[in-house]
Amino acid sequence: MFRFLSFIICVFFFSNSNLFAQAEEIVRSDSTSKTININLGYNYSSSHILDLGMSFRNFKTAGYHMAESHLAFSGEVVFGNKLIIGPKISGWIAGGSSAVAMGLSIINYTDFNQNEFNIRPEIGIGFFGMKAVYGYNIKVLGDGFDEISKSSFSFIFPIYSIKR
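Residues numbered from 1 in each chain as written. Predicted model: local features only at pLDDT ≥ 70, side-chain atom pairs only at ≥ 80, totals over all residues. Heavy atoms only, no water.

Colleague: Would you take a moment to explain a nonpolar patch on the surface for this structure?
Modeller: Taken together, Tyr 44, Tyr 134, Tyr 136, Ile 138, Val 140, Leu 141 and Phe 153 make up a surface patch of nonpolar side chains, about 630 Å² in accessible area. Of all the elements in the fold, those that place two or more residues in the nonpolar patch are strand E7 (130–136) and strand E8 (138–142). You can see Val 140 is positioned in strand E8. Assessed through its relative accessible area of 43%, Val 140 is described here as partly exposed. (Patch = residues over 30% accessible without salt bridge, like charges linked within 9 Å, V, L, I, M, F, W, Y side chains within 5 Å. Areas by Shrake-Rupley, 256 points an atom, 1.4 Å probe, with all protein chains shown as cover. Salt bridge = Lys/Arg side-chain N within 4 Å of Asp/Glu carboxyl O. Helix = DSSP H or I, 4+ residues; strand = E, 2+ residues; numbered from the N terminus. Buried < 20%, exposed > 50% of the residue type's maximum accessible area, 1.4 Å probe, protein only.)

Right under this line is the structure:
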């Protein structure tokens, strides 16, 4: 388990070739960009969860300070005792001088026999379209699944990006 999580963290932090410290090439007075990202992610919440979707990203720099916002549409696939899927809508902001990421996800988990509707506030770190966050599932409706616990750890990163 530890090796798998270490691998995920390494992929998360080293998969983007745009990772660099405050280099001269990103020092601009003001710049903005808008992209559409295809995202891949891994969540852990009593079970292993694959997250695949897309996000609309707005990115702005002011000197060395970067800020970004995302609106994402994705789906989670829970690998547990039974197959559970969860369509998800989420939004988050990240950046500033400390790269703090904060967001909110709305998820409806289903195995096509029962549903569980959750709201998940999230906090962690994020930059360049990637985020590593802790989320707390707040069950709004439904019976609940053993495969979905209240705590969730997520690693999301873009695998493809196009300018819009």
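From this point, the discussion proceeds with the structure in view.
Colleague: Is there a simple way to think about unusual backbone geometry in this case?
Modeller: Only a minority of non-glycine residues have a phi that is not negative, and only a minority of peptide bonds are not trans. Positive phi values are uncommon outside glycine, yet Ser 46 reaches one of about 70°. We note that Phe 112 has phi near 70°; this positive angle belongs to a residue other than glycine.

Colleague: Looking at this model, I keep getting lost on the packing of aromatic side chains. Mind explaining?
Modeller: When we look at a pair of aromatic rings, we describe it by the centre distance and by the angle of the planes. Tallied over the full model, the rule gives four aromatic pairs. Ring centres of Phe 127 and Phe 128 lie 6.0 Å apart, and the angle between their planes is 85°; this geometry places the pair in the edge-to-face category. Taking the relative accessible area as the measure of exposure, Phe 127 reaches 23% and is therefore partly exposed. Over the face of the ring belonging to Trp 92 we find Lys 131, whose NZ or CZ atom lies 3.9 Å from the ring centre. (Phe/Tyr/Trp six-rings, centres within 6.5 Å; stacked < 30°, edge-to-face > 60°. Lys NZ or Arg CZ within 6 Å of the ring centre and 35° of its normal.)

Colleague: What is the right way to look at empty space enclosed by the protein in this model?
Modeller: Gaps left between atoms show up when a probe the size of a water molecule is rolled over them. The final tally for this structure, using the stated rule, is one cavity of 30 Å³ or more. Taken as a whole, the largest cavity spans an internal volume of roughly 70 Å³. Lining the largest cavity are Asn 39, Asp 51, Gly 53, Ala 72, Ser 74, Lys 88, Ser 90, Trp 92, Lys 131 and Ile 156. It is strand E4 (residues 83–96) that contributes the most residues to the lining of the largest cavity, three residues altogether. (1 Å grid on protein atoms, 1.4 Å probe; cavity = no way out; pocket = protein on both sides within 12 Å on 5 of 7 lines; lining within 4 Å. Points joined across faces, edges and corners; volume = space filled by probe spheres on them.)

Colleague: Would you explain the nonpolar core in this entry?
Modeller: Soluble globular proteins: nonpolar side chains tend toward being buried together. Counting seven residues, the largest nonpolar core is built from Ile 49, Val 78, Ile 84, Ile 107, Tyr 109, Phe 145 and Ile 148. In terms of nonpolar packing, the next biggest core, distinct from the first, is built from five residues, Ala 72, Ala 94, Ala 101 and Val 133 among them. (Core = buried A, V, L, I, M, F, W, Y, C linked by side-chain atoms within 4.5 Å.)

Colleague: So what exactly am I meant to see when it comes to the environment of Ile 119 here?
Modeller: Tracing the sequence through the fold places Ile 119 in strand E6 (residues 115–127). Distance in space between the C-alpha atoms of Ile 119 and Tyr 136 is 8.2 Å, their sequence separation being 17 residues. With residues near it in sequence (within four places) discarded, Ile 119 still touches Leu 104, Ser 105, Tyr 136, Asn 137, Ile 138 and Val 140. (Contact = heavy atoms within 4.5 Å.)

Colleague: Help me understand the pattern of salt bridges in this model?
Modeller: Close approach of charged atoms allows side chains of opposite charge to pair. As enumerated under the stated definition, the model contains seven salt bridges in all. With a shortest N-O distance of 3.2 Å, Lys 88 and Glu 76 are connected by a salt bridge. Taken together, the residues span a long stretch of sequence, with Lys 88 in strand E4 and Glu 76 in strand E3 (residues 65–79) at a distance of 12 residues. Accessibility assignment for this pair places Lys 88 and Glu 76 in one class, buried. Lys 131 serves as the salt-bridge partner of Glu 122, at 2.8 Å between the closest nitrogen and oxygen. Among the residues examined, Glu 122 registers a relative accessible area of 6% and is labelled buried. The buried category is assigned to Lys 131, whose relative accessible area is 2%. Residues joined by salt bridges that share partners form a network here, namely Asp 51, Glu 76, Lys 88, Arg 120, Glu 122 and Lys 131.

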